[in-house]
Structures are given as structure tokens and as C-alpha cells.
Amino acid sequence: MTKGGPQARQRIVAGAADMISRRGLNATSIREMAKHAEAPLGSTYHYFPEGKQQLATEAVRYAGETIARMLRKELEAGPVAGLRAFLGLWRTIVIDADFRAGCPVLAVSIEEPPPGEIPPALAAAAAVFDDWENLLAASLREHGAAPGQAEQLATLTVAAVEGTVAMCRAKRSIEPLDRTAEQLQALIAGAIKG
């Protein structure tokens, strides 16, 4: 790799995640992802010789790990703090993108895969959702929630936030996120007090 290679590769991955969050995977070509990342198409194929699916898989993992890193840090202060940070992150993303971007993990998840196939990007999305749920559930258990309730509440949280981000984009309003935040905070607070 040339000097600066890892940074160029990372820029392409981050750019792909951003494009997928805006347009979805099927509506985005590898050429558009390279252009969005201000990278030559040849460099993109150099770093991702398997093409679009390889780049999309890396983009999903990148987005997932970026959020997981933030969650790990914020969950140190407890599940309510982690939830607030999770919601705050999505609030910033949606507002800063003027309701044009959502979650690249969700975007990959809702696209129809080829018959009889589970594309690597879809498998990566499932792993990301598992990671986020596991982080939230562990924090809930650590702070007194019953194990079964912790897992269910973690799944509900991820599903509600992901769905709410899509609603915010459709309605061009942050109100669905505010409503969801209030209810999730109440549920989490109740689970860790009980």
C-alpha cells in the first residue's frame, strides 16, 4: 500500500456508508461511492477487488463499529445515558443531513437480496444489530434489569430507534424521535429500578 493508503481506504469506506445512508445500496453504484469519497475508481477497486458488495460490507461494519464505540463509552454511565447518546447521535445525523440520511445498516437490511442468497453486507448488518443489542442488554443487566427483560428491551430500543429514524426522514420532522425517546427512557428507567 502506498503512504496514506489506510487513510484513503478509510475515506472510501466512510464515503460509501454515507452514500448508502442517503440512497440505499441498490440505488448506489461503486462509481458513485468512489466519487462521493473523492477517490479514483481505480483506487476503489484496488482496495475492494470484490467490488460493490465488499465495499458495502465494509461500510456497514464501519458504521456499526462507529456507533458501537460511542455506545460502549456512553453506557459506562448507565443504560439511560447510553440511550440518550444513541438518540442524540441519530438526531444529529438526521438534522445535519436535512432529513436526507439515515442509517446505512438499516438501508442495507431493507433491500431485497437475490433469491436464495444472503449477501455479505446483509450478514454484516445482522451482526451490527446483534452487537448494538448485546451492548444495551449487558448494560441493562448490569444495572438491575432481569436478563430476559434486558434482551427484549435492547431489541425494542434498536428497532424503535432505527424505525424512528426512517419516520423522521419521511416526515421531515424530528418529532417521532422525541416521542420515541420519551417512551424508551421511561421503559429503561423502569427496568433498572425494578
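In what follows, the structure referred to is the one given above.
Presented here is a report on the structure given in the accompanying data block. Predicted, not measured: the structure shown is a model, and the values here were computed from it.

**Here we look at the overall build of the chain**
Move 1: Helix and strand counts for the chain come out as nine helices and zero strands.
Move 2: The helix and strand sequence of the chain, counted from the amino end, reads α-α-α-α-α-α-α-α-α.
Move 3: Its C-alpha radius of gyration of 18 Å places the chain within 12% of the 16 Å reference for a compact globule of 194 residues.
Move 4: Principal-axis analysis of the C-alpha atoms places the extent of the chain at approximately 55 × 40 × 35 Å.
Move 5: Residues classed as buried in the chain amount to 45% of the 194 residues present.
Move 6: Taking all contacts inside the chain whose residues are at least 6 apart in sequence as the whole, residues at least 24 apart take part in 67%.
Move 7: Summing over all exposed atoms, the chain offers an accessible surface of approximately 9900 Å²; the carbon and sulfur share of this is 55%.
Move 8: Charge separation in the chain, taken as the distance between the mean sites of 21 positive and 22 negative side-chain charges, equals 6 Å.

**Let's talk about the nonpolar core**
Move 1: In terms of nonpolar packing, the biggest core is built from 61 residues, with Leu-55, Leu-71, Phe-86, Trp-90, Val-105 and Trp-132 touching the most fellow members.
Move 2: Residue contacts for Phe-86: discarding those within four places in its chain leaves Ile-67, Met-70, Leu-71, Trp-132, Val-158 and Val-161.

**Some remarks on the pattern of salt bridges**
Move 1: Scanning all chains against the criterion turns up 13 salt bridges.
Move 2: Across the pair Asp-98 and Arg-100 runs a salt bridge whose closest N-O atoms are separated by 3.4 Å.
Move 3: What makes Asp-98 partly exposed here is its relative accessible area of 34%.
Move 4: Given a relative accessible area of 48%, Arg-100 falls into the partly exposed group.
Move 5: The salt bridge involving Glu-175 is made with Arg-179; its shortest N-O contact spans 2.7 Å. One end of the pair is Glu-175 and the other is Arg-179, both in helix H9 (residues 175-193) and four residues apart, which spans about a single turn.
Move 6: What makes Glu-175 partly exposed here is its relative accessible area of 40%.
Move 7: The class of Arg-179 is exposed, set by a relative accessible area of 54%.
Move 8: The network of salt bridges with common partners includes Glu-65, Arg-69, Arg-72 and Asp-131.

**With respect to the environment of Glu-151**
Move 1: Its location among the elements puts Glu-151 in helix H8 (residues 147-171).
Move 2: The exposure class of Glu-151 is partly exposed, given its relative accessible area of 33%.
Move 3: For the pair Glu-151 and Leu-89, spaced 62 residues apart in the sequence, the C-alpha separation amounts to 22 Å.
Move 4: With residues near it in sequence (within four places) discarded, Glu-151 still touches Ala-137 and Arg-141.

**Here we look at the packing of helix H4 (residues 52-75) against helix H7 (residues 120-142)**
Move 1: Interhelical geometry of H4 versus H7 gives an angle of 5° and a closest axis separation of 8 Å. Classified by the angle their axes make, H4 and H7 are roughly parallel.

**Points about the side chain of Thr-28**
Move 1: Tracing the backbone shows Thr-28 in the loop between helix H1 (5-23) and helix H2 (30-36).
Move 2: For Thr-28, a relative accessible area of 1% corresponds to the buried category.
Move 3: Contact partners of Thr-28, with chain neighbours within four places excluded, come to Met-19, Arg-23, Met-33 and Lys-52.

**Section: H7**
Move 1: For H7, which comprises 23 residues, the first-to-last C-alpha distance of 33 Å matches the rise-based estimate of 33 Å (1.5 Å per residue) to within 8%.
Move 2: Here H7 has its buried residues at Ala-121, Ala-124, Ala-125, Val-128, Phe-129, Trp-132, Glu-133, Leu-135, Leu-136, Ala-137, Ser-139 and Leu-140.
Move 3: On the buried face of H7, the contacting elements are H4, helix H5 (79-96), helix H6 (104-109), H8 and H9.
Move 4: The positive-phi residue at the C-terminal boundary of H7 is Gly-144, with phi of around 105°.

Procedures and definitions
- Starting afresh in each chain, residues are numbered from 1 along the sequence in its written order.
- Side-chain atom pairs in this predicted model are given and counted only at pLDDT of 80 or more, local residue features only at pLDDT of at least 70, and totals for whole chains, interfaces and linings cover all residues.
- Note that water and hydrogens are dropped before the side-chain values are worked out from all heavy atoms of the structure.
- Strands here mean DSSP runs of E at least two residues long; helices mean DSSP runs of H or I at least four residues long; both are numbered from the N terminus.
- Computation of the radius of gyration draws on C-alpha atoms, with the globule rule given as 2.2 Å multiplied by the number of residues to the power 0.38.
- Buried, partly exposed and exposed residues are distinguished by accessible area as a fraction of the type maximum, computed with a 1.4 Å probe on protein chains only: under 20%, between the cut-offs, and over 50%, respectively.
- The contact criterion used is simple: two residues touch if any of their non-hydrogen atoms lie within 4.5 Å.
- Surface exposure here means Shrake-Rupley accessible area, sampled with a 1.4 Å probe, where a residue is shielded only by the protein chains that are shown.
- Asp and Glu count as negative and Lys and Arg as positive, but His and the ends of the chain are not part of the count.
- Every charge is mapped to an atom, namely NZ of Lys, CZ of Arg, CG of Asp or CD of Glu.
- The definition of a nonpolar core used throughout is a set of buried Ala, Val, Leu, Ile, Met, Phe, Trp, Tyr and Cys residues joined through side-chain atoms within 4.5 Å.
- Any Lys or Arg side-chain nitrogen found within 4 Å of a carboxyl oxygen on Asp or Glu counts as a salt bridge.
- Lines fitted to C-alpha atoms define the axes here, with helix axes fitted over just the stretch in contact, and angles between the N-to-C directions of these axes take values from 0 to 180 degrees.
- Angular relationships are summarised with four words: roughly parallel below 35 degrees, roughly antiparallel beyond 145, roughly perpendicular across 65 to 115, and oblique for the angles in between.
- What a helix is expected to span follows from its residue count: subtract one and scale by 1.5 Å.

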